[in-house]
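What the coordinates show
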Amino acid sequence: MIDELILIFKKMAEALLSANEKHKLITRHLQEVLGDDRLRKILEERDLRVYWGTATTGRPHIGYFVPMAKIADFLHAGCEVTILFADLHAFLDNMKAPWELLGHRTVYYEHIIKAMLKSIGVPLEKLKFIRGTDYQLSREYTLDLYRLSSVVTEHDAKKAGAEVVKQVASPLLSGLLYPGLQALDEEYLKVDAQFGGVDQRKIFTFAEENLPSIGYAKRIHLMNPMVPGLTGEKMSASVEESKIDLLDAPEQVKKKLKRAFCEPGNIENNGVLAFCKSVIFPLLKDENLVLPRSAQYGGPMPFSNYTQLEESFAKQEVHPGDLKNGVEIYLNRLLEPIRKEFESEDMQKLTLNAYPPPVPVQQKKKKPSGQKGQRPTTTDVSELVQKVDKNLTIENGESSRSATGDDKSQSLINQNDKA
């Protein structure tokens with residue numbers, strides 16, 4: 001009963017927000033907005049429809065709290081938010097994993113992201129979740145991809161995916177299709193805007209330039225800044241020392257933070273400070289960030305906003321060790337409910353299926369002289385369709401794929417379904 005009343009009051013508060021207040025919430029902390037005039041015009045008339053997509057490849061890490069914090073802003077501004085688990089995109093990105101493995105990872109992504117959202121107090125019933133293959137294999141979507149391919153050059157497709165698709169000397173055609181799929185998602189998800197990191201800017205401008213060529217509207221694009229990892233470089237799922245996993249134990253969190261780049265007085269490429277700016281302060285609301293410090297050095301240090309913290313760190317009034325200790329406390333507060341949710345036998349089995357231990361690399365046998373190299377094995381299209389038709393389920397064991405090939409409807413996963 002109390003939870004229902006809280007939800008009602010939140011809805012009432014959102015309804016009372018002016019268009020300018022909603023715009024401020026939607027755009028705060030973003031690095032760039034493409035189409036701000038259109039955004040303001042929509043907010044004068046109705047709530048914004050926005051989507052965020054993620055390719056289901058490497059294990060999500062604490063860097064995923066950055067878009068989650070922004071999604072919380074969207075919801076508080078009354079936006080209709082869709083989260084896309086882009087399994088087909090993941091398959092096309094140099095075919096890093098077989099389809100069956102990607103199926104397990106898609107399920108893992110849904111559970112871990114829902115757990116993250118719950119840990120920061122985001123109501124799941126206000127979100128829509130959808131899997132890419134629920135609609136991306138339909139006749140209409142496929143024909144639109146062919147239409148888009150007829151107006152896009154190889155140069156433009158490669159350029160658009162330069163920051164997102166792994167670049168190789170001889171790129172596969174699958175990687176060149178990636179930007180086109182992401183552009184078409186905006187139309188098929190029926191959204192006004194797409195949200196992502198600024199590293200996706202080239203794909204966003206690609207969509208703005210090419211969707212009108214096949215008769216679809218140009219969308220708004222909302223871009224988060226890129227947050228450096230623990231090493232000071234880009235946080236990456238494939239670089240173990242740059243990230244903290246969402247299921248890392250407290251002692252692992254302490255160990256990784258202790259090694260993090262955090263030079264005294266240096267506010268550039270400081271992943272610890274960047275996490276405070278992009279995640280901790282936006283989620284604190286009316287609470288201060290308190291850095292623990294022994295009494296002999298002045299006692300605990302409270303900060304009500306990021307600017308205060310950054311200025312104090314730049315003046316070396318805040319020691320890197322104290323900053324790391326404070327972030328460790330708050331980070332473990334965020335991670336603890338996620339760890340608990342994944343303690344069950346089913347969740348541990350899912351994690352193992354999605355990310356099995358690496359197989360020891362065996363030395364390759366020398367080829368007999370005169371034997372030519374063979375082409376890499378490919379995945380048969382019929383195998384892909386069969387895998388998808390098995391309806392690897394998300395959340396409740398029932399098929400989430402009800403979209404037919406005769407229309408553009410999507411099968412959205414109902415968050416009220418029982419686990």
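Think of each chain on its own: its residues are numbered from 1, step by step along the sequence as written. This being a predicted model, a pLDDT of at least 70 is required before a residue's local features are given, and a value of 80 or more before pairs of side-chain atoms are given or counted; all residues contribute to the totals for chains, interfaces and linings. Only heavy atoms go into the side-chain values, all of them from the structure, while hydrogens and water stay out.

Named according to an unreviewed UniProt entry, the protein chain is Tyrosine--tRNA ligase originating from Rotaria sordida. The record held by UniProt for the protein chain lists under Catalytic activity (unreviewed entry) the comment "tRNA(Tyr) + L-tyrosine + ATP = L-tyrosyl-tRNA(Tyr) + AMP + diphosphate + H(+)". Quoted verbatim from the Sequence similarities (unreviewed entry) field of UniProt, the annotation for the protein chain is "Belongs to the class-I aminoacyl-tRNA synthetase family." UniProt positions are given in the numbering used here, feature names are shortened, and annotations may be inferred rather than shown by experiment.

A separate point is the pairing of strand β2 (residues 49-55). Judged by how many residues are buried, β2 sits mostly within the fold: five of seven residues are covered. When DSSP finds two or more bridges between two strands, those strands count as paired. Here a strand is any run of E in DSSP of at least two residues, a helix any run of H or I of at least four, and the numbering for each starts at the N terminus. Two strands pair when backbone bridges link them, and β2 and strand β3 (residues 80-86) are joined in this way by seven bridges, in the parallel orientation. Bridged to Trp52 within β3 is Ile83. By convention, a crossover is right-handed whenever its connection, traced from the first strand over the helix to the second and viewed with the strands pointing away, goes clockwise. A crossover links β2 with its parallel partner β3, the connecting element being helix α4 (residues 65-76), and its sense is right-handed. Pairing analysis gives three bridges linking β2 to strand β5 (residues 193-197), with the strands arranged parallel. Its bridge partner lying in β5, Trp52 is registered against Phe195. Only protein chains enter the accessibility calculation, which uses a 1.4 Å probe. A residue is then buried if its area is under 20% of the maximum for its type, exposed if over 50%, and partly exposed in between.

Our focus in this paragraph is the pairing of strand β6 (residues 220-224). The element β6 is largely enclosed, with a buried count of five among its five residues. On β6, burial covers both faces: Ile220, Leu222 and Asn224 on one face and His221 and Met223 on the other are all buried. One ladder, built from three bridges, connects strand β1 (residues 32-34) with β6; its direction is antiparallel. Bridge pairing in β6 places Leu34 opposite His221. Relative to β6, β5 runs parallel, the two sharing five bridges. Note on β6: the bridge partner recorded for Gly197 is Asn224. The β-α-β motif built from β5, the intervening helix α10 (residues 201-210) and the parallel element β6 has right-handed crossover chirality.

What follows is about the environment of Val290. Its location among the elements puts Val290 in strand β7 (residues 289-291). Along the sequence, Val290 and Val327 sit 37 residues apart, while their C-alpha atoms lie 9.1 Å from each other.

Take the sheet that holds β2 next. Here we have six strands laid out as an open sheet, ordered β1-β6-β5-β2-β3-β4, and mixed in their pairing. Pairing within the sheet leaves two strands with one partner each, and these edge strands are β1 and β4 (127-131). Averaged over all adjacent pairs, the angle separating strand axes in this sheet is 25°, with direction ignored. Against the sheet, helix α3 (residues 36-45) engages β1 and β6, with an angle of about 110° to β6. Each axis is a line fitted through C-alpha atoms, and for a helix only the stretch in contact is used; angles between axes span 0 to 180 degrees, taken between their N-to-C directions. Pairs of residues are marked as contacts when any of their non-hydrogen atoms sit within 4.5 Å.

With that out of the way, let us pick up helix α2 (residues 19-27). Buried residues of α2: Ala19, Lys22, His23, Ile26 and Thr27, and no others. End-on, the buried residues of α2 take up no more than an arc of 115°, which puts them together on one face. Of the exposed residues in α2, those oriented more than 90 degrees away from the buried face are Asn20 and Lys24. His29 occupies a position one or two residues after α2 and carries a positive phi of about 70°. By construction, the arc corresponds to the directions joining the helix axis to the C-beta atoms.

The next point concerns unusual backbone geometry. We note that His29 has phi near 70°; this positive angle belongs to a residue other than glycine. Following the sequence through the fold, His29 ends up in the loop between α2 and β1. Accessibility expressed as a relative area gives 45% for His29, which makes it partly exposed. Here Gln316, not a glycine, exhibits a phi torsion of approximately 65°, which is positive.

The predicted model of the protein chain has a mean per-residue pLDDT of 84, with 79% of residues at 70 or higher. Confidence per residue, as judged by the predictor, is encoded in pLDDT with a range of 0 to 100. Confidence drops under a pLDDT of 50 for residues 391-419, and excluding neighbours within four residues, the segment shows 63 contacts in the predicted structure.

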